[in-house]
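Remarks on the overall topology
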Amino acid sequence: MAIEVRDVNKSFGTTPVLREVSVDVASGSLTALLGPSGGGKSTLLRVIAGLEQPDTGTVRISGVDATRLSPQRRNVGFVFQHYAAFKHLSVFRNVAFGLEIRKRPKDEIRKRVMELLELVHLEKMADRYPSQLSGGQRQRMALARALAVEPEVLLLDEPFGALDAQVRKELRTWLRRLHDEVHVTTVFVTHDQEEAIEVADTIVVLANGEVVQVGSPADVYDNPANPFVMRFLGPVTEIGGSLVRPHDIEISVDPIEGGTPATVSRVVRLGFEVRVEVEVGGQEAWVQVTREFADRLGLEPGDAVVVRPAPGARSLALSAV
Ligand SMILES: Nc1ncnc2c1ncn2[C@@H]1O[C@H](COP(=O)(O)OP(=O)(O)OP(=O)(O)O)[C@@H](O)[C@H]1O
């Protein structure tokens, strides 16, 4: 294991922020800490980095008890949402910084920095200053700088959080590819479930300072531990006292076994997908179908239909909570 967090508790004043948190991060993995705002993600990342001390519990990095080590001695690299670059230094010198203070030979520094700039696709920007880069380019520079000193672990706190949606999407794909090339154990914080699902091999869901579930994106999406995780990971709707994914509901104008009568209240076309809103048992629910399917059924508000969870659909009974 690259990182082993055991029974970590952390309070700020009298407010517990991490409660009995234990997490294993496999060497070479790309792990997302995912959860709602205030759930403790950043605090956990800072505890791993050594920027916060846990009240109780331990952090091991590459088998070494790092709980009391300073951040500098943990061999971790980090990148934050608002990365503070050295404004008066070129991109090249920003990336070279950690190597220069380690007094590495000039040739070696030059070679390594140029390799890294190529890796993050900034080789043509080496002589620019941070103010001459876009937000996305600055975050890529920050990653190159964090990687320069060959950390055992890379910690990213909402690295793309401050960027617009389009750039965020591009950088997600880019981060995944970068990780496939470099394989450095990486933990990143996000509150965006799509980002976690798309980028990570493992998702740790954190809410109210507790680890709620750990698994692959498919695991957490398909087998959520509880209704909270199910709601957080993707769209849900409620039929017959159960929480179901809207694409896991069958809708028909003819009777189907186990179907519940419902009335179409609205049909919303969202490109390829169509969202059919229905009233079922006095409650609003919705069903996600393809455009082609919706056209075939020709659904209109007021139509009588039947709905049921598709055979094999994942559902969680709400009464059990
Ligand atoms: N230095 C601090 N002093 C006091 N309270 C803090 C401190 N840092 C964090 N907190 C509190 O701890 C809780 C968890 O914060 P944390 O930043 O870890 O959550 P998060 O899941 O990363 O949320 P976000 O996505 O909003 O950053 C919050 O209620 C926050 O206000």
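In the nomenclature of an unreviewed UniProt entry, the protein is known as Sulfate/thiosulfate import ATP-binding protein CysA of Microbispora corallina.

1. Thoughts on the overall build of the protein
A count of helices and strands for the protein gives nine helices and 18 strands. Projecting the C-alpha coordinates of the protein onto the three principal axes gives extents of approximately 75 × 45 × 30 Å. The proportion of buried residues among the 321 residues of the protein is 47%. Nonlocal contacts in the protein, meaning residues at least 24 apart in sequence, comprise 62% of its contacts between residues at least 6 apart. If you sum the accessible surface of the protein, you get close to 15,700 Å²; carbon and sulfur atoms cover 49% of it. The averaged location of the 43 negative side-chain charges in the protein is 9 Å from the averaged location of its 37 positive side-chain charges.

2. Topic: the sheet that holds strand S14 (residues 260–270)
The strand order across the open sheet built from five strands is S13-S17-S14-S15-S16, with neighbouring strands paired in antiparallel fashion. Bordering the open sheet on either side are strand S13 (249–252) and strand S16 (283–290), each of which pairs with just one other strand. Ignoring strand direction, the axes of neighbouring strands in this sheet form an average angle of 40 degrees. Pairing between S14 and strand S15 (residues 273–280): eight bridges, direction antiparallel. Paired with Thr 263 across the two strands is Glu 279, which belongs to S15.

3. Structural notes on the site of the ligand
Taken together, the neighbourhood of the ligand is formed by Phe 12, Val 17, Pro 36, Ser 37, Gly 38, Gly 39, Gly 40, Lys 41, Ser 42 and Thr 43. The backbone of Ser 42 places a nitrogen or oxygen atom 2.8 Å from an oxygen atom of the ligand. For the ligand, an oxygen atom lies 2.5 Å from a polar atom in the side chain of Thr 43. If the ligand stood free it would expose 630 Å²; the protein chains cover 55% of that surface. Here the shell around the ligand takes three residues from helix H1 (residues 41–49), the largest share from any one element. Residue composition of the shell around the ligand, by class: three nonpolar, six polar and one charged.

4. Section: the environment of Glu 194
Along the chain, Glu 194 turns up in helix H6 (residues 193–199). Residue Glu 194 is classed as partly exposed on the basis of its relative accessible area of 39%. For Glu 194 and Lys 169, which are 25 residues apart along the polypeptide, the C-alpha to C-alpha distance reads 9.8 Å. Look past the residues within four positions of Glu 194 in its chain and what remains in contact with it is Lys 169 and Arg 172.

5. Quick notes on the packing of aromatic side chains
For the coordinates displayed, the defined rule picks out three aromatic pairs. Their ring planes at 50 degrees and their centres at 5.4 Å tell us that Phe 78 and Phe 80 sit as a pair that is tilted. Taking relative accessible area as the criterion, Phe 78 reaches 27% and is therefore assigned partly exposed. Centre to centre, the rings of Phe 86 and Phe 97 are 4.6 Å apart; their planes meet at 45 degrees, and the pair counts as tilted. Note that Phe 86 is positioned in the loop between strand S6 (76–79) and helix H2 (91–101) and Phe 97 in helix H2, a separation of eleven residues in sequence. What makes Phe 86 partly exposed here is its relative accessible area of 25%. Here Phe 97 falls in the partly exposed class, since its relative accessible area comes to 28%. Above the plane of the ring of Trp 286 lies Arg 275, whose end atom (NZ or CZ) is 4.0 Å from the centre.

6. Quick word on unusual backbone geometry
The backbone of Glu 150 sits at a positive phi, close to 50 degrees, despite the residue not being glycine. Structurally, Glu 150 can be placed in the loop between helix H4 (135–148) and strand S7 (153–157). You can call Glu 150 exposed: its relative accessible area is 53%. Even without a glycine there, the phi angle at His 183 is positive, about 60 degrees.

7. Considering the nonpolar core
Where a protein is soluble and globular, its nonpolar side chains tend to be buried together. Membership of the largest hydrophobic core comes to 47 residues, with the highest contact counts inside it found for Val 95, Val 113 and Ile 203. Considering each element in turn, this core owes the most residues, seven residues, to H4. Every residue in contact with Val 113, bar those within four places of it in the chain, is listed here: Phe 92, Val 95, Ala 96 and Leu 99. Core analysis: the second largest hydrophobic core is formed by 24 residues, Val 23, Val 25, Ala 49 and Ile 61 among them.

8. With respect to the pattern of salt bridges
Scanning the entire structure with this criterion turns up 22 salt bridges. Glu 277 is the partner of Arg 275 in a salt bridge, and the nearest nitrogen-oxygen pair spans 3.0 Å. Arg 275 gets classed as partly exposed once you look at its relative accessible area, which sits at 27%. Sharing partners across several salt bridges, the network here consists of Arg 168, Lys 169, Arg 172, Asp 192, Glu 194, Glu 195 and Glu 198.

How each quantity is defined
- Residues numbered from 1 in each chain as written.
- Predicted model: local features only at pLDDT ≥ 70, side-chain atom pairs only at ≥ 80, totals over all residues.
- Heavy atoms only, no water.
- Helix = DSSP H or I, 4+ residues; strand = E, 2+ residues; numbered from the N terminus.
- Buried < 20%, exposed > 50% of the residue type's maximum accessible area, 1.4 Å probe, protein only.
- Contact = heavy atoms within 4.5 Å.
- Areas by Shrake-Rupley, 256 points an atom, 1.4 Å probe, with all protein chains shown as cover.
- Lys, Arg positive; Asp, Glu negative; His and termini not counted.
- Charge placed at Lys NZ, Arg CZ, Asp CG, Glu CD.
- Pairing = 2+ DSSP bridges.
- Axes fitted to C-alpha atoms, helices over the stretch in contact; angles between N-to-C directions.
- Near = heavy atom within 4 Å.
- Polar contact = N/O pair within 3.5 Å; in protein donor to acceptor, adjacent residues only side chain to side chain.
- Nonpolar A, V, L, I, M, F, W, Y, C, P; charged D, E, K, R; others polar.
- Phe/Tyr/Trp six-rings, centres within 6.5 Å; stacked < 30°, edge-to-face > 60°.
- Lys NZ or Arg CZ within 6 Å of the ring centre and 35° of its normal.
- Core = buried A, V, L, I, M, F, W, Y, C linked by side-chain atoms within 4.5 Å.
- Salt bridge = Lys/Arg side-chain N within 4 Å of Asp/Glu carboxyl O.

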